[in-house]
Structures are given as C-alpha cells and as structure tokens.
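# Observations on chain architecture
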Amino acid sequence: MNRLGQKDHETLIEMALAADGEDSNGPLCETISNTESELRSNSEISKRHQSKDSVFFRDGVRRIDFVLSYLDDPNKEEEKKAERRREFEKNLQKAGLELETEDKKESEDGKTYFVKIHAPWEVLITYAEVLNIKAPIKENDIPPTVENPLDCILEPFRLPEKVMHPEPDYFTAPFSKSRQELYLIDNESTFFSPSRRNRIVYYILTRCPYGTEEGKKKFGIKRLLSNGTYTAAYPLHDCQYWKKSNDPNCDNERYTLYMEWARFLRFYKEQPLDLIRKYYGEKIGIYFAWLGFYTEMLFFAAVVGLICFLYGLFTMDENMSSTEICAPAIGGEIIMCPLCDEKCEYWKLNTTCESSKYSHLFDNVATLFFAIFMGIWVTLFLEFWKRRQARLKYEWDLVDFEEEQQQLQLRPEYEAKCTHKKKNPVTQEMEPYLPLTSQAVRFCISGTTVLFWISLIIASMIAVIVYRLAVYAAFASIMENTQTLQPISGLLTPQLATSVTASCLNFVIIMILNFLYEKIAVWITDMEIPRTHLEYENRLTMKMFLFQFVNYYSSCFYVAFFKGKFVGYPGTYTYMFSRWRNEECDPAGCLIELTTQLTIVMAGKQIWGNIQEAIVPWIWNWWGRRKARCNPENLYSRWEQDHDLQSFGALGLFYEYLEMVIQFGFITLFVASFPLAPLLALMNNILEIRVDSWKLTTQFRRPVAAKAHSIGVWQEILNGMAILSVVTNAFIVAFTSDMIPRLVYYYAYFTNEDSPMSGYINNSLSVFQVSDFLEGKRPENNPENFLTCRYRDYRYPPGHEKKYLHTMQFWHILAAKMAFIIIMEHIVFIVKFFVAWMIPDVPAEVKARIKREKFLTQKILHEYELDKLKQKLCECKTYENMEKEVIATEGKVELSQAM
C-alpha cells in the first residue's frame, strides 16, 4: 500500500462527520490503494522466506501495527460479512492506513486470512495531535533526587538500570504537526513506540465506518468482532518470550519482561514499571505499580499480625478461660444445656477444651491492638499511594491527563446508538446525546436487575443459614452418640463442624453466583449506554463491587454480628421460620467461627483465582498450539503465534482490580478476627504479581495500550472500605470476641484478688432448671437425672424473683461494649484524619519538578515561536509589521517567566 497522497489529510473523525450528510466516497483524502485482489496475489510469496519473528510487512520495512483475522467459512452470512470487510478495509485505506493480507493457504488451518495493518508517518502524526500524545522536546536536565543511604542494602532487590529505565527522561509537549522540527525526531520509524502506534491504530479501527444497515450507520471493529465479520483484532508482541528475536532492530522487550519480571524466581526483585508502561501502556503499568505498592505495605501489616498471633500462641497455656474449661474440677463438672431440641443430650463443658484453646489464638488482648493498628495502617497505605501515584503521573507525562480523558474517551457505541443530537454549549458543535426519558427507563431496569441479584444473594445466604440450623442438630446428635468420633470430639465441636461445612457450601454458591452475575453486569451496563469509557468503567465497577461485596462478605457479617446474638434461653429459644432453633456460639465465643469462615472464603477465592488466571489460559493455549508444534518452526508466523494466544479483553484489568479490592476488604473489614489474614494476602500477592505478569507476557495477546492517570473509582472504593473497616472491627472486638465481658469481670466482678480472672467461666454461664423445659423441647434422654443445666448468658437463676431476666452485669457489659465502640472509633478516626492531613498527596519535590518542567517547556515553545517569526521576517512580511510581532512574542515570553 502507498502512503497518503497529501499531507494535510482528513482524520477519521472528519470522515465520520462527512459521512452523515454525504456518500462514503465523498470528500475524503486522496489515497492510492491496492485492491483486495492485488493484496491476495502478493500473498503467494512463500512464508519460508520470512522470519517467524518478523513484525514487518513483506518488504521488511513497514512495521505491523495491528492484525485482523477472519475465517473463510462459506454460509449464507459470508457474502454479507465479505461486503462489510471490503467496505471497512477500503475506509481504513482512505484514513491512510496501509494493509497487507495473508492468504488462507499460508495459515496453519488453511481457513484463516490475516490482514496486517501499518500506520505510516503521516497518519501517526495526524492522530498523535488528535490524541494529544506528548512527545520529547528536550532531555530532562533537572538533577535527580538525593540517593537513599539504604540503597546499598536494597541492592539485591534491584534490577539493572537499563531494565528499570529503558528510555532517557525528556521534557515533553503535546505533539503538533505544524511544529515537527521542535521535537527530537531522530528516526520516524521509531519515534512513536509500538504501544503508541497500536493505540493510534486502534483509535482509528474503533471509529471506522463499514456501511449502513437497517437505516443506521455502522462502524467500529468491536461491532465487526461481535457479529463474526472478523474473528480477532490485536497488536503483535515484538518477539517470542523465551528467546530473543533474530531481527537486530527488535528491542526484545517481551523477552526482557519475561526474564526479569514474569518468572517466579524473580519474586524478590522490584518491578520494571517503566518498561511495563512502555510495552503495555500506562493503564496496565499503573495497575502493577499499585499492586506492587499494596504488597510492600502488606509486609508491615503481616509482620505485626504474625507477632499478635505468636503472642496468642505463647500465652495459650496462661489463658484462664480455657484453663477453667479444660479443668476436670470446673469444666468437667459443668453440665451444659442441649444444643438442639429433643434429640440432643446434656453435655459437659470440658468437651470444648481444645476449641477454647485455639480460640485464644485470635481472641486476646493483642486483637484490640491489631484492630487499631490496621485502622491506622490502611490510612497510611492510601495516603502513601496517593504520593506514589502523583510521582508516576509526573514521570509518565500524565499530569494534564484529566481533561484529555474527557475529550477522547467518547465511546463509539454511544455515538452509534444515540441518534439524537444537540449543540454543545462549550464547543457550539452538534454532538449525540441520550434523551432523559430513555436514560430514566434504562436506569430503572438496571437498578431493578441489580436489586434482584442482591436479593438472590441474600436468599442464598438465608438458605445457608437454614442449612446451618438444620445440620447443627444432626452434628450435635451424631458427635454425642457416635463412639468413633470421640477421639476428635474435643477438637471438632458441633459448632465448628457446622461452620466448616457451611463455609464450604457458601463458597461454592459464591462462585456460581459470581459467574452468572458477571455476565448480567456487563449486559445492563451496555444497556445504559454510558457516554465515555471512564463512565462505562465506573458504572460497571460500582455494579460489580456492590454485588461482590454482598456476595463475599454477607456470610462473614452474619457470623460476626448476628450468630449467637438472638438465641433466647432454654425453654424460650428463638426460632427461624418458627422451625429451626437459632445457632449458639461456642462457650469460648464466636470469634473462632468467624476466623474459620474468613479463612475458607478468602483462601478458597485466592486459590480458585490463581487456577483461573494461570492454568486455564495455559490449557487453552496448549490445545490451540498442539497442531502448530508438529510443523516446521519457520512456517509458524508471528501473527499466527499471537492469534493462538488468549485475548486479554477490555475488562481483563477490571477483574484483576476487583480481585485485589475484595481481598483488601477481607484484611481490613474482619482483620480483628484473623491477624494472619495480611500474611496470607502477602503470600498470595507475591504469587499474584508473578502470575499476572507471566500470563500477560506468555499466555495472552498483547493488549492495546491505554492511558490512565490513576486507579480510578477503585480509589474511592478503597477509601470507603477503610472507613467501614474501623466500624466493623470495633463491633467485632465488642460483640463477637469475648474481650469486653472479660474486662468487665476483671475490673468489676472478680472474686479473687490474687487471680482476678479465676471464676470467669462460671460467672459467664447462667443456670436453667430442667423442669422448666416446654413439652416437645425437653431432651428425650436424661439418664443421670440432671436437675439444672448451664447456658451462655447473664440471667437470674431459678428461684430468683427476676427469674431468667437479664442481670445487672449484662447491662454493664452492654454499656461497656457501646462505650468501647464509640471510644475506639473516635480515637482511630482522629488519628486517621490527622495522618491524612499531615501527609500531602503530592510530594513537594514532585510539585517543584512539575512547575520547573512547565516553565522550561513554555520557554522552549516560546523561543521556537520567536525563531519562526524571525525567519518569516526574511520571507514574506514587511519589517515594520514583523517587528511588532516579534516584540509581542518576546513580551509573552517575559510574562510567562514572571508568572
């Protein structure tokens, strides 16, 4: 294909505008293009003469910026698809792109055509200006920051300088076609990096029309992919990941990323963020920067959590509560009321000896300290991330990206589906819009659908609760009456057995609902027709997160805040649906059950996530390449290799963020119940970084580069979860753990000054008279004729004038719990907001560098303008008029310097 016949050609935006009122062959740029038959005749050239690592056209000069593929599959739709392709490719050529087609006879399956796309220099500079891409104008002369004295210690974790910083640092300015000589253009073929080139080509592909169907203008590669006209559209990797390319002009960035980043043996090394950004674009780069920073901060939380866990482990034998429960003279003599109606028998307290010991691992004084620490840690994490993000925005030329994002991210689907137009009050141009009535109807349908699925989650959670209540009695009866289970009865209590099986069942239901809802969320977001890409991502994010929040955390909220709180007492138990008796907590508290629930759901999600992310793509790729491995290596072309890989998809990064944010919720919302949660998250994230990098580098096609200046709406979600975590952890310590009742007993109700906690277990159990059981609720068997039994509550005993009413100690404990929640929340919130106020979002050094770069860039641009004006003085203007223009320009420069 030849380049454009004229330099100042129209962009695709202008083509689309012209197509509204004119024929598609109207006032478009002049193009000298080859016909499809000429392209296919060229494909007769044997592939044996071309390197399999080639990323160039057959001439070895023009770089392949994008590849489209389609199948030769004769059917009644094929003629229509062929017409769409002809029109689409013709319009791509009119937009200035050059195409080269590989015939199906050259492909492995003999059915697939490959259309290779090259963007010539004129197209690149035209759309670089449209997309406001920044280009280098001068090498950065700002001295680097002072070296960290700890650098020598961190040296083993560093990567080579060439890997960490593959490009020099430049002052940049938005590209302008009219000022090309201002930029540092050494070589037109390498001036724009491959990631920028594929971003430009993709921008054209998503807006290129291919005809009119059913009276509506159709355009965009996304629609062509969805209706099967093309089977794939992707940019090429630059080489194979396991070895360097034979082409001396290849940068081998994929190979470098694999060797230095994607292998698990490099888990202790820092990430080459600049190289990731250069190869994959800023959006993927910012994700890995955030994930790496999050993992680094988890290290401190994991260390403190491990210390708290070890404290519980080392003080386990000193715990007075478990000592009394296990003592034959105390726990062995306390007869507990049956765990279910009729079928269950009376049981001795010391049968829960082992579980009470393990409960102390997580329910001790260190729990309070760790809950407060995590409240402060999450604030430090978010504030320091803002500073890290601000530094990346400066280093990656994203400082002024907000305005650009709003201008450029208009979705092609919005333009296609919105037939109404109105005048923009700012630009005074006609633009598509969605009528208010249509928006209202779409939002009502969307909201109703989301509420329905959230109701479905709540219904499934209730079903799991019913399961817990139904099998609880069965487990209690089996474990009391089965001799073979006696050896493990101390460790596996009915409460724990019910909790483990219910948690596993709940996890399976979570995964099923999650799979179904993902498709529904994408469908209803598409139906809303968001205006911009940013708006689309934000809406989808909020829907998915709201669903995932309820889906993953509802069971944990139930165990933490509802289980064992509305039980009643023997003879007057409360029942769910008037049939199933509500669950009771273990005599040592419900915290160990919350820990079990959290561990199963959190660990199960991480394991399943890694299987989905790593093993499934590998199996699909192995299956797709099984035939190609039997053929000579030189017949397996670069575009076919990438075609056989999995597609990363537009929402690939979205699911990565969602996975990590859900994990963030587990380690913040319920961390008071499980201090080891940050350690599990840390180990998972070390693996996650390498799994994500490995699959992106080896198992997926190269994603289209995209820009992003932050993690977007996820930042607000994290802030919201950080605030909610303070409240949930305060309630867990107050109501789920046994800490407050123990402290109240220690300070107000102790009976032994030498050992204030002795007698606590007996004090925390109330007495019930067996004869007060209602008919149909009394245990069928009472071989030892027990007259009384004990239950966990603070109520007056039989014979008291306030029989079975709450004692004053109950109200003291309740008041202490409420006071603790208020005090803890206020202390943590005050510290959080003070820390957030103390730490500026943008480092002072970065602010100074931004100002310095803006000043120098303006100065360079103004000096360039001045030189241009002086040149014109000698060409076509009178001296008097030119002198005035020069004076005005010099004044503009001086004014800029003064500002």
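Overview of the structure. (Residues numbered from 1 in each chain as written. Predicted model: local features only at pLDDT ≥ 70, side-chain atom pairs only at ≥ 80, totals over all residues. Heavy atoms only, no water.)

All right, on to the packing of aromatic side chains then. What the rule picks out here adds up to 60 aromatic pairs. Between Phe-654 and Trp-714, the ring centres sit 5.7 Å apart and the planes meet at 45 degrees, which makes this aromatic pair tilted. Note that Phe-654 is positioned in helix α23 (residues 652–669) and Trp-714 in helix α25 (residues 714–736), a separation of 60 residues in sequence. Assessed through its relative accessible area of 9%, Phe-654 is described here as buried. A relative accessible area of 5% places Trp-714 in the buried class. Pairing Tyr-745 with Tyr-760 gives two aromatic rings, centres 5.6 Å apart and planes at 65 degrees, and the pair type is edge-to-face. Placement of Tyr-745 in helix α26 (residues 739–749) and of Tyr-760 in helix α27 (residues 760–764) is noted, with a sequence separation of 15 residues between them. Neither residue differs from the other here; Tyr-745 and Tyr-760 are each classed as buried. (Phe/Tyr/Trp six-rings, centres within 6.5 Å; stacked < 30°, edge-to-face > 60°. Helix = DSSP H or I, 4+ residues; strand = E, 2+ residues; numbered from the N terminus. Buried < 20%, exposed > 50% of the residue type's maximum accessible area, 1.4 Å probe, protein only.)

This part takes up the state of the cysteines. Throughout the structure, instances matching the rule amount to 3 disulfides. Disulfide partner of Cys-326: Cys-353, at an S-S distance of 1.8 Å. Linking Cys-326 and Cys-353, the disulfide has an S-S dihedral of approximately 100 degrees and is accordingly described as right-handed. Taken together, the positions of Cys-326 in helix α13 (residues 320–326) and Cys-353 in helix α14 (residues 353–362) put the pair 27 residues apart, joining distant regions of the chain. Disulfide pairing is shown between Cys-337 and Cys-789; the S-S distance is 1.9 Å. On the sign convention where negative is left-handed, the bridge of Cys-337 and Cys-789, at about 85 degrees about the S-S bond, is right-handed. Note that Cys-337 is positioned in the loop between β9 (335–336) and β10 (347–348) and Cys-789 in strand β18 (residues 788–792), a separation of 452 residues in sequence. (Disulfide = S-S within 2.5 Å.)

A few words on the environment of Glu-139. Among the structural elements, Glu-139 can be located in strand β4 (residues 134–139). Residue class for Glu-139 comes out partly exposed when judged on its relative accessible area of 48%. Spatially, the C-alpha atoms of Glu-139 and Tyr-170 are 4.2 Å apart, while their sequence positions differ by 31 residues.

Glancing now at the packing of α23 against helix α24 (residues 677–699). Contact pair α23 / α24: the axes reach a minimum separation of 11 Å and the direction vectors enclose 170 degrees. When the axis of α23 is compared with that of α24, the two are roughly antiparallel. On α24, the residues touching Glu-656, Glu-659, Met-660, Gln-663 and Ile-667 of α23 are Ala-677, Pro-678, Ala-681, Asn-684, Asn-685, Glu-688, Asp-692 and Lys-695. When its residues are assigned to classes, the contact of α23 with α24 shows 5 nonpolar, 3 polar and 5 charged. (Axes fitted to C-alpha atoms, helices over the stretch in contact; angles between N-to-C directions. Parallel < 35°, antiparallel > 145°, perpendicular 65-115°, else oblique. Contact = heavy atoms within 4.5 Å. Nonpolar A, V, L, I, M, F, W, Y, C, P; charged D, E, K, R; others polar.)

Among the 10 residues of helix α10 (residues 253–262), 8 are classified as buried, and the element is accordingly described as predominantly covered. Along α10, the residues that are buried comprise Glu-253, Arg-254, Tyr-255, Leu-257, Tyr-258, Glu-260, Trp-261 and Ala-262.

Our focus in this paragraph is a nonpolar patch on the surface. Where nonpolar side chains cluster on the molecular surface, the patch consists of Ile-607, Trp-608, Ile-611, Ile-615, Val-616, Trp-618, Ile-619, Trp-620, Trp-622 and Trp-623 and spans about 1,000 Å² of accessible area. Tracing the sequence through the fold places Val-616 in helix α21 (residues 591–625). Exposure remark for Val-616: the relative accessible area of 35% places this residue in the partly exposed category. (Patch = residues over 30% accessible without salt bridge, like charges linked within 9 Å, V, L, I, M, F, W, Y side chains within 5 Å. Areas by Shrake-Rupley, 256 points an atom, 1.4 Å probe, with all protein chains shown as cover. Salt bridge = Lys/Arg side-chain N within 4 Å of Asp/Glu carboxyl O.)

Before going further, it helps to examine the environment of Leu-398. Mapped onto the fold, Leu-398 is located in the loop between α15 (365–395) and α16 (401–408). In this structure Leu-398 comes out as buried when scored by relative accessible area, which is 0%. Separated by 116 residues in sequence, Leu-398 and Glu-282 have C-alpha atoms that sit 8.9 Å apart. When near neighbours in sequence (up to four residues on either side) are disregarded, Leu-398 contacts Glu-282, Lys-393, Lys-707, Ala-708 and His-709.

As a further point, take the environment of Tyr-202. Structurally, Tyr-202 can be placed in helix α8 (residues 194–205). With sequence-adjacent residues up to four places away left out, Tyr-202 is seen in contact with Phe-66, Ile-221, Lys-222 and Val-704.

Attention now goes to the pattern of salt bridges. According to the stated counting rule, one finds 34 salt bridges in the structure shown. Residues Lys-116 and Glu-100 are paired through a salt bridge, measuring 2.8 Å at the closest nitrogen-oxygen approach. Residue Lys-116 is located in strand β3 (residues 112–118), and its partner Glu-100 is located in strand β2 (residues 98–102); the two are separated by 16 residues in the primary sequence. For Lys-116, a relative accessible area of 0% translates into the label buried. Residues joined by salt bridges that share partners form a network here, namely Arg-58, Glu-100, Glu-102 and Lys-116.

Now for the nonpolar core. Of all hydrophobic cores here, the largest spans 135 residues; its most connected members are Trp-290, Tyr-294, Trp-377, Phe-381, Tyr-553 and Phe-666. Sorting elements by how many residues they give to this core places helix α12 (residues 282–314) first, with 16 residues. Not counting residues within four places of it along the chain, the set of residues in contact with Phe-666 comprises Tyr-552, Tyr-553, Cys-556, Leu-598, Val-601, Met-602, Lys-605 and Val-671. Among the nonpolar cores identified, the runner-up in size contains 47 residues, and Leu-68, Leu-92, Tyr-203 and Ile-850 belong to it. (Core = buried A, V, L, I, M, F, W, Y, C linked by side-chain atoms within 4.5 Å.)

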